[in-house]
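Chain by chain, the residues:
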Amino acid sequence: MIFSKLFQFCPVCGSNDFVVNNEKSMRCEACDFIYYVNASAATAAFIQNENGDLLACRRAKEPAKGTLDLPGGFVDNDETAEKAIVREIKEELNGEVEKLEYLFSLPNLYEYCGLTVPTLDMFFACRLKSTKNLKASDDVEALEFIPLNKLQPNDFGLKSIRKGVEIFLEKSKL
Ligand SMILES: [Zn+2]
């Protein structure tokens, strides 16, 4: 559901005279507060082993539970995207990032508790100190390294991640 259908009260003054301002914002008629719905920053990592196979995670939680995903997650307040992806790789895989490179970004819509949250997913190529002994935890159920010629973007459940994997595959063929 989009925010303007779910949000009924002004978060500043509590008035229920909280109306759609435009497609990006809502306005409070009582106190003139304007609430802008900006994209939440998120990260995703392409990690390859010594054979060039890509690391994919099986999602343990909704949305898209049970489908493949890339390691990553939301950027915390007051955190850089670079720090966020290093932290997520530690939390989700117990992996140590040795080198990272920003690649590109894609917008996405993320379903969370019945609310459609716009995100901006930033993709990084990450080299780990070791790709052995990685361990799935947090919101990851299982890990697998997939040879690029067996990689199926449609197995990735989140739209921006699927598109990101397609771009990654195209680039890796060049
Ligand atoms: Zn208000």
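As the structure is a prediction and not an experimental result, all values here were calculated from the model.

Structural notes on the pairing of strand β8 (residues 97-112)
Next up, step 1: Strand direction decides the pairing type here: β8 and strand β9 (residues 115-128), joined by 14 bridges, are antiparallel. Residue E101 lies in a different strand from β9, and its bridge partner there is A125.
Next up, step 2: The hairpin formed by β8 and β9 contains 2 residues between the paired strands, and C113 there has a positive phi angle of roughly 50°.

Topic: the pattern of salt bridges
Next up, step 1: This structure, assessed with the given rule, holds 10 salt bridges.
Next up, step 2: Of the charged contacts, one joins D76 and R87 as a salt bridge, the two residues approaching to 3.6 Å between their closest N and O atoms. Within this pair, whereas D76 is found in the loop between β7 (72-74) and α2 (81-93), its partner R87 is found in helix α2, the two being separated by 11 residues in sequence.
Next up, step 3: By relative accessible area, D76 is classed as partly exposed at 43%.
Next up, step 4: Its salt-bridge partner being E79, residue R87 comes within 2.7 Å of it at the nearest N-O pair.
Next up, step 5: One network of salt bridges, with partners in common, ties together D76, E79, R87, E88 and E91.

Brief notes about the side chain of D69
Next up, step 1: Take D69: it is sitting in strand β6 (residues 68-69).
Next up, step 2: Looking at D69, the relative accessible area reads 9%, which means it is buried.
Next up, step 3: Side-chain polar atoms of D69 contact the side chain of R59, separated by 2.5 Å.
Next up, step 4: Those residues in contact with D69 that lie beyond four places of it in its chain are A56, C57, R59, F156, L158 and I161.

Side note on the layout of surface pockets
Next up, step 1: The volume enclosed by the largest pocket comes to roughly 460 Å³.
Next up, step 2: Looking at the largest pocket, it is lined by 28 residues, and the ones nearest its centre are R59, G72, G73, Y110 and D139.
Next up, step 3: Elements with a minimum of two residues in the lining of the largest pocket: β4 (40-47), β5 (54-59), β7, α2, β8, β9 and α3 (159-173).
Next up, step 4: When the residues that make up the lining of the largest pocket are grouped by side-chain class, the tally is 11 nonpolar, 6 polar and 11 charged.
Next up, step 5: Roughly 180 Å³ of volume is contained in the second largest pocket.
Next up, step 6: Looking at the lining of the second largest pocket, the elements that each hand over two or more residues are β4, β8 and β9.
Next up, step 7: Across the lining of the second largest pocket, the residue classes tally to 6 nonpolar, 1 polar and 3 charged.

The rules we used
- Residues numbered from 1 in each chain as written.
- Predicted model: local features only at pLDDT ≥ 70, side-chain atom pairs only at ≥ 80, totals over all residues.
- Heavy atoms only, no water.
- Pairing = 2+ DSSP bridges.
- Helix = DSSP H or I, 4+ residues; strand = E, 2+ residues; numbered from the N terminus.
- Salt bridge = Lys/Arg side-chain N within 4 Å of Asp/Glu carboxyl O.
- Buried < 20%, exposed > 50% of the residue type's maximum accessible area, 1.4 Å probe, protein only.
- Polar contact = N/O pair within 3.5 Å; in protein donor to acceptor, adjacent residues only side chain to side chain.
- Contact = heavy atoms within 4.5 Å.
- 1 Å grid on protein atoms, 1.4 Å probe; cavity = no way out; pocket = protein on both sides within 12 Å on 5 of 7 lines; lining within 4 Å.
- Points joined across faces, edges and corners; volume = space filled by probe spheres on them.
- Nonpolar A, V, L, I, M, F, W, Y, C, P; charged D, E, K, R; others polar.

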